[in-house]
Amino acid sequence: MPFIPHTEDDTRAMLAAIGVAAIDDLFDEIPRGLRADALAGMPPALSEMEIARLMHERAARDGTWLNFIGAGAYEHHIPAAVWQIATRGEFYSAYTPYQAEASQGTLQVLYEYQSMMASLTALDVSNASLYDGASALAEAVLMAVRAHKSSRRVLVPRTVHPSWRKVARTIVRNQGIELLEIPFDPGTGATALEALGRFRGSEPAAVVIPQPNFFGVLEPVDELADWAHANGALAIAAVNPTALALLKPPGEWGPQGADIAVGDGQPLGVPLAGGGPYLGFMTCRKDLVRQMPGRIVGATRDRDGRRGYVLTLQAREQHIRRAKATSNICTNQGLMTTAATLYLALLGPAGLAEVARACHANTLALAARLTRIRGVARAFSGAIFHEVVLRLPVPVAPVLRALREHRILGGCDLEQDYPELGHALLVCATETRTGDDIARYGAELERVIGLPPRSAAEPGG
Amino acid sequence: MLIFERSRPGRRGAVRVPVRPGNVAEIPRSQLRARPPGLPEVSELDAVRHYTGLSQRNFSIDTHFYPLGSCTMKYNPRACNALAMLPQFLARHPGAPADTGQGFLACLFELQEMLKSVTGMAQVSLAPMAGAQGEFAGVAMIRAYHDSRGDAARDEILVPDAAHGTNPASAVMCGYRVREIPTDADGNVDVAALGSAVGPRTAGLMLTNPSTLGVFERHIVGIGNIVHGAGGLLYYDGANLNAILGRVKPGDMGFDVIHINLHKTFSTPHGGGGPGAGPVGVTAALAPFLPLPVIGQAGAGFRLLDERDAPLTIGRLGAHLGNAGVLLRAYVYMRMLGAAGMRRVADYSTLNANYLMAELRRAGFQIAFPGRRATHEFVVTLKLLRDKTGVTAMDVAKRLLDKGCHAPTAYFPQLVPESLLIEPTETESKETLDAFVAAMKEILEEARRDPQLVKGAPHATPLGRLDEARAARDLDLTWRPG
């Protein structure tokens, strides 16, 4: 029996010790009418060899692709040591560190993770992870509303990832919280500061500030954070962790700094893996820590005065406070947190900055190459980090389909979420894309669009 | 020692990334970071040795018996990990269209189908990323269902007082008031109290069956009739599905909406606190409200259903399609067990729990519900021991660490004084269970002979008992250069 060690003798001896004749007798408290027959639709068992063959076949069928999609999940190089260590059984098969003395490994990793994320965002404290960036944003909205006490309105720029906005809406809707959208400047692609005036009387509890935004464009974070504070609202930063190696961290935005920062930790050593598991991170100002959702690890001392780590401030959590908890979250993304910690330790400040610079430079090179194609132009004038929106002369979907015939994933089609942008395509080139990759994409896109190349005398995009 | 204390200015790991010239050309100076973040500067060997060393300061299933009640700490087969980490699956971008991932989507579609089969529900969504998110989705669907019928007066969710804390917390996140239902002396929901609690304000009842008290809710059919009779819906918390897998289907018990913890019943790793996955299943009446995406069929292939397919959906719970890597691990596990293996999970987890309960009773421990069968777990109460010796459930839990066992869940369920909730799972051998009984017996003798020895535990772990009160009082949540 796979994974069940009982011999027939064991089973017999155990049944005798219990005082029943058969395993069936152990289920005698279950009403007879409820007992299930055979499981229709459940296939017969496969051996490890058979399932391995099936999975290898399916993986091979999906194959590999030259990827230029970002849009919230980024293909980065992951040092081999990250997952070799993260999948050590001692990390992989442990659970939430309720028994601190038997979980110092996990607890210290989490304390180090919290320290790294607090430093990366220049805020005081971090929790030990949430599910992903989108759900972390939703939790930040709830947290801000709790902290603000009188307002249930939060401003969310239209430049926040469309899926993140959907998730936030799903999660906060039933608590009567209103999310108001701030439009963006069609020229720069950044949130329109002049549009903020109309929200002045709305007394928002918080303003969400993405950096970089979904278009890859850098937002006027100082002005937005300042506006939030001047209007009695908290500033919630929604940031890309790789970008923070180069960009001003949320804690230093405007005169006061953002109050809460969230984001998706996937770029920190977590594979794309079809969409998850990733991790959501959240950091905040010290005085907001009691409103924070999720696990938090603190340093303390043992009986003999030695430094050690425990789960702390548990009075915020569902297993203590039940209906009055700050969130219902219990299991978080622990193993992903371990991977992110390993990744940051292996890269260090210099390595992370190198990755960020390479992503930025590669995306600029990609934009330069693709805008040499006739009719292709950058959609916005705003400075970007590692993604850029291009306007194509033809509808995007057929272009992407044609590129797939050449095993290229050409980017994220924005036509459905931002119809006002026309034929808009969001592309990304991380540090993993080489000059040859970019040249190949350029050549194929040129062929697919099928217009003659722009002559040297014509202005570029 | 912390990784930061190993840091030396200028030291680097092995990763080098070529950067094209041009650098940060486009980023305005005002947007640039003034000081680099305070990340450690260590070599690759420093990092590998540091984190390998930390891993050795953990108890885990792979190293220790881990009978943590309510968490189903069964062996996590290595094949599940290896096959979920095939390079093509890891490299798959969530934004890549369905036509580039038919092998991947086939696994997820079949997982939905298998979960429907073992739960008896009409439709399943794999979107929730943990049990608590499944609960949120489930209660949100209950609300959407009532709203869709114009039945807006229902503002209460009923929750037994024995329930996991996530149940009331999830109900509140969905905008409901929570009303607790008491438990009777046998560990069942107090049916009379339930009868007088239900009414036109009842949106639903959240129930774990077998319950958190380690017993099967025998009156489940009657409970369902009471709730449905009042117009409410029945929510199944699948935390304890392991106990009845293949033997009883939640759908047959009358549940309208359920969540399943793949990291419990379907053996995906707990990872030091996650990631989990909490798929939800529903009856046909609730299917339109399922969270997205759902994997649907498209001709001979598969695609992700979206808002155009499901306009009544409660929405999305995460940016992409959920914890896909966890889902693949559960898929491999279920295929390796097959139909017969499902039922064996319930059989042998129940056998192990009842054997352990019988042996602990024989060793002098008091069982909280001695007249009942154990399910896949059971509760021991140490109230008498505490009254006689001063040794508490916490002390016994800590002393077990010295004996090489992870502790059971202590002080949950809260209804039972000085409780230990013990769940051995089906993957443990008789020898392991016997060793646990021997350790518990020794502790009992130690408690009588030398209670201070037990109260001072643990003694054999890298650190002694940690001061949790101090951690909460003098908050130290991040390392700062001294």
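Residues numbered from 1 in each chain as written. Chains lettered and ligands numbered in written order. Predicted model: local features only at pLDDT ≥ 70, side-chain atom pairs only at ≥ 80, totals over all residues. Heavy atoms only, no water.

If you tally the helices and strands in chain A, you get 12 helices and 15 strands. Projected onto the principal axes, the alpha-carbon positions of chain A cover approximately 90 × 55 × 50 Å. Intrachain contacts of chain A at a sequence separation of at least 6 include 72% that bridge at least 24 residues. Accessible area for chain A stands at about 14,700 Å²; split by element, carbon and sulfur atoms hold 52% of it. Positive and negative charge centroids in chain A, built from 44 and 48 side chains respectively, lie 4 Å apart. (Helix = DSSP H or I, 4+ residues; strand = E, 2+ residues; numbered from the N terminus. Contact = heavy atoms within 4.5 Å. Areas by Shrake-Rupley, 256 points an atom, 1.4 Å probe, with all protein chains shown as cover. Lys, Arg positive; Asp, Glu negative; His and termini not counted. Charge placed at Lys NZ, Arg CZ, Asp CG, Glu CD.)

Turning next to the sheet that holds strand β1 (residues 123-125) of chain B. Neighbouring strands of a sheet are bound in pairs by backbone hydrogen bonds; such pairs are parallel or else antiparallel. Residue and element names in this part refer to chain B. Read from one edge of the open sheet, seven strands run β1-β7-β6-β5-β4-β2-β3, paired in mixed fashion. Unpaired on one side and paired on the other, β1 and β3 (177-181) mark the two borders of the sheet. Adjacent strand axes in the sheet meet at a mean angle of 25° when their direction is disregarded. Packed on one face of the sheet, helix α5 (residues 131-148) meets β2 (156-160), β4 (202-208), β5 (233-238), β6 (257-260) and β7 (280-282) and runs near 170° to β5. Strands in contact with helix α8 (residues 220-229) are β4 and β5; relative to β5, the strand with the most contacts, it is inclined by about 135°. (Pairing = 2+ DSSP bridges. Axes fitted to C-alpha atoms, helices over the stretch in contact; angles between N-to-C directions.)

Before going further, it helps to spend a moment on the domain arrangement of chain B. Residues and elements named next belong to chain B. Domain assignment breaks chain B into domain 1 (79-337) and domain 2 (345-471). One C-alpha centre belongs to domain 1, the other to domain 2; they are set 31 Å apart. Listed per partner, the contact involves 25 residues of domain 1 and 19 residues of domain 2. Of the roughly 1,700 Å² buried between domain 1 and domain 2 on both sides combined, carbon and sulfur atoms contribute 57%. Applying the counting rule to domain 1 against domain 2 returns one salt bridge. Linking R247 and D347 is a salt bridge whose minimum nitrogen-to-oxygen distance equals 2.7 Å. (Domains from an automatic or database assignment. Buried area = accessible area lost by both parts, 1.4 Å probe. Salt bridge = Lys/Arg side-chain N within 4 Å of Asp/Glu carboxyl O.)

Here the focus is the nonpolar core. Counting 114 residues, the largest nonpolar core has M55 of chain A together with F266, M334, L360 and F378 of chain B as its most contacted members. Counting only domains with at least three residues in this core, you end up with domain 1 (79-337) and domain 2 (345-471) of chain B. Contacts of F266 of chain B, omitting those with residues within four sequence positions, involve L115, V118, L241, L245, I260, N261, A330, Y333, M334 and M342 of chain B. (Core = buried A, V, L, I, M, F, W, Y, C linked by side-chain atoms within 4.5 Å. Buried < 20%, exposed > 50% of the residue type's maximum accessible area, 1.4 Å probe, protein only.)

Attention now goes to the packing of helix α2 (residues 48-62) of chain A against helix α9 (residues 324-362) of chain B. Look at α2 of chain A against α9 of chain B: their axes get within 9 Å of each other, and the N-to-C directions meet at 140°. Put simply, α2 of chain A runs oblique to α9 of chain B. Both α2 of chain A and α9 of chain B take part in a crossing whose hand is right-handed. Side by side, α2 of chain A and α9 of chain B meet where E48, I51, L54, M55 and R58 of chain A of the first sit next to L328, Y331, V332, R335 and M336 of chain B of the second. Its residues placed into classes, the contact of α2 of chain A with α9 of chain B shows seven nonpolar, no polar and three charged. (Parallel < 35°, antiparallel > 145°, perpendicular 65-115°, else oblique. Left-handed = near helix turned anticlockwise from the far one by under 90°. Nonpolar A, V, L, I, M, F, W, Y, C, P; charged D, E, K, R; others polar.)

Looking now at the interface of chain B and chain A. Taken together, the contact pairs 203 residues of chain B with 193 residues of chain A. Interface area, chain B with chain A, both sides summed: about 16,500 Å², of which 61% is carbon and sulfur. Linking chain B with chain A are 12 salt bridges. In this structure, K166 of chain A engages E307 of chain B in a salt bridge whose closest nitrogen and oxygen atoms are separated by 3.9 Å. Linking chain B with chain A are 91 residue pairs in polar contact (both at pLDDT 80 or more), by the criterion used here. A per-element tally of the side of chain B that touches chain A places α9 of chain B first, with 29 residues. When its residues are assigned to classes, the side of chain B that touches chain A shows 102 nonpolar, 56 polar and 45 charged. (Polar contact = N/O pair within 3.5 Å; in protein donor to acceptor, adjacent residues only side chain to side chain.)

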